[in-house]
Structure formats: C-alpha cells, structure tokens
Amino acid sequence: MHKRKTALAAAAGSVLIGSLALPAAAQPVAAPPRGPLAERAAAADGGPPGSVARPAPARQAPANMPLPAPAPDAADRSVPGAREPSEDSRAGSAPAVDAEALRAAVSTCHRISRGAYRTDRGAPANVPVCGRDGVVHWNADLDIDCDGIRTAHCHPGSDPYFQPTTAFTQSDGRYLNSEELPFVVVPAPGPRWNYWASGIRGGTVAAVVHRDRVVYGVVGDTGPADTIGEASYAAAEALGIDPHPLRGGAASGVTYILFPGTRAEPIENRAAATALGEALARQLVAGTLGADTPS
C-alpha cells in the first residue's frame, strides 16, 4: 500500500547549472504540518543554512546546519541553450536514453546511507541510498506528492492531506506546481542520510524510470526522514502511473537517479530540466559522467 493510502485507512480506524549556492527562491522554506499523523513523522534536525524546521508531523524543511563543502562530484556541468522538449519526451514515452540502459547504469549499489529506508508505514526498512559515478540513486515505490499550488487535480478535495506548500519554491517565490512540474521528494535529513551533504539541493536535476519510460525533473520537496519513494503528480502521469494522490502510485519498480551539483534554473523550468537531464543521462550511460562517488 502507498503511504497516503495506508495512513487514510489507519485514520478510518483500520538549463544552467550554477554553483551549489542556490538563489533564494530555491532555498527550503518553512511550512505547516502536513500528512497523516503517524506516517508523516517529523524529520531529524540538520539541513541547509537559513531554513526553518517544520513542526511535526510534517514533510520538513531542514533545520539550520553549517554549509558543508560541495561534494567532490559537484562541479558545474552546463548545457547551453536549453530547448523545449518534444511532446513525446515531455510525456516520458520517447526518452533520449533508453529506460533499460539507465537502469543498467545504476544496477550496482554503493551504499552511501547509514541505514535503509522503508517505502510505507509498516514496511521493512530495506531501501538504501546509493551513490556512484556522479549520481545518487535508489529503487523504491512511487507515492504521489500533490502539494504546492492548488490546481484542478491537487487540492484538499482530491487529497485530504493536501498542503499548499513545498520545501522549495519557484523563482517568483510561489510554491511548486506538482500537477505541472515533475519533481522528486527526498527524505528530510536524518541519521540515515543527509541529502544536503551529498550535494543535492532544491532544483537538482533528476531522472525517474518506470518500466519503459523516463521522465526528467528536479528535486522539489522533502518527506519523512525514514521513508523514501515519492514524486509529484506530473512525474507519475508522465511515467504512465495513476497520479491520483490517494489511489494512485506504483507499488514498486521505480528507479530514482539524482545528479548532485546540477540545477535546472529556474527550478520550475520543465524544459531546462528535461534538456539537462537527457544530456546527463547520456553521459551516465556512456560512462563519462564522472568517477567521484557523492558522500
């Protein structure tokens, strides 16, 4: 069962890459509590400087912590002239890099997390975060993040746990649009792993793979510190997964690939994320992305 579906039952009684320093719009922001009581546990302290921890239970923005040095693989990788992706590419049906080739490129796990994550409440903690050749990756389920700007399909009527906030904001200061922007949710910093220390920020470019489809997007929100496997409504829809926030999602078989030290700018620019993601994916499959493993 997916995280939100499990919690609902319980409640019922059962293209430019800059340096790692982000513009203000891409920094984590404070938000009110979100999610089911038992499932959306508060994240452990630790995170980007200047952020404010969200009250529990919440999908928390990280609390204050010293800014670590950039990860060894975090050198700028630029793709000039980000282009508008084709309709097929935007839908995830005709990726520039074959889905199977991407999965094969991250088939070996060099664990960088100190422990494993669960995918849902009550599930075993058996998902490690891995790092190799300039990427961070994991295999998990996909639960639907429908938070942020209210849209036709993401609002309190469709999602009882809807929150009008995301951990990161657009360049205009508004929260992200989960119905329009493919994005990945990373676990809030905790004892298992701290995404910030691995060179990952809001806007870091990501690829999500499911069956024969690939969609490119960004890191756009944070989730519970002990749970992994969540992406936006738009990401699920592009992958051919039911994007409904309660009945949708995928129980397994989803590969998440993040490229530390990269950034789609502005964060809400889907075309920039796609163009850069395709270029990075080609490098990953070709074995030319880089040999440094993020920490």
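Residues numbered from 1 in each chain as written. Predicted model: local features only at pLDDT ≥ 70, side-chain atom pairs only at ≥ 80, totals over all residues. Heavy atoms only, no water.

Chemist: Looking at this structure, how should I read the environment of T255?
Modeler: Structurally, the position occupied by T255 is in strand β7 (residues 250-258). When its relative accessible area of 4% is taken as the criterion, T255 is described as buried. When the C-alpha atoms of T255 and A99 are compared, they prove to be 9.7 Å apart, with 156 residues separating the residues in sequence. Among residues more than four places away in sequence, those in contact with T255 are R103, V106, W138, N139, A207, V208 and V209. (Helix = DSSP H or I, 4+ residues; strand = E, 2+ residues; numbered from the N terminus. Buried < 20%, exposed > 50% of the residue type's maximum accessible area, 1.4 Å probe, protein only. Contact = heavy atoms within 4.5 Å.)

Chemist: Would you take a moment to explain the confidence of the model for the protein chain for this structure?
Modeler: The predicted structure's coordinates, where accompanied by low pLDDT, should not be read in detail. When pLDDT is averaged along the protein chain, the result is 77; 66% of the residues meet or exceed 70. Here residues 4-27 scores under 50 on pLDDT; set against residues more than four positions off or in separate chains, the count is 69 contacts. In this model, residues 49-95 is a region of pLDDT below 50 whose contacts with residues beyond four sequence positions or in other chains number 139 contacts. (pLDDT = per-residue confidence, 0-100.)

Chemist: What is the right way to look at the pairing of strand β4 (residues 205-210) in this model?
Modeler: Each regular strand displays side chains that alternate between the two surfaces of the sheet. Burial analysis of β4 places six of its six residues in the buried class, the great majority of the element. Alternating residues of β4 divide into V205, A207 and V209 and A206, V208 and H210, and every residue in both groups is buried. Hairpin geometry of β4 and strand β5 (residues 213-223) is characterised by an intervening segment of two residues between the two adjacent antiparallel strands and by a positive phi of about 55° at R211. Sheet analysis places β4 next to β7, joined by five bridges and oriented antiparallel. Residue pairing for β7: H210 is matched across the bridge by V254. (Pairing = 2+ DSSP bridges.)

Chemist: Before we go on, may I ask you to explain the side chain of T227 in this structure?
Modeler: Along the chain, T227 turns up in the loop between β5 and β6 (230-232). Within the local environment of T227, its side chain forms a polar contact with the side chain of D226, the two groups lying 2.9 Å apart. (Polar contact = N/O pair within 3.5 Å; in protein donor to acceptor, adjacent residues only side chain to side chain.)

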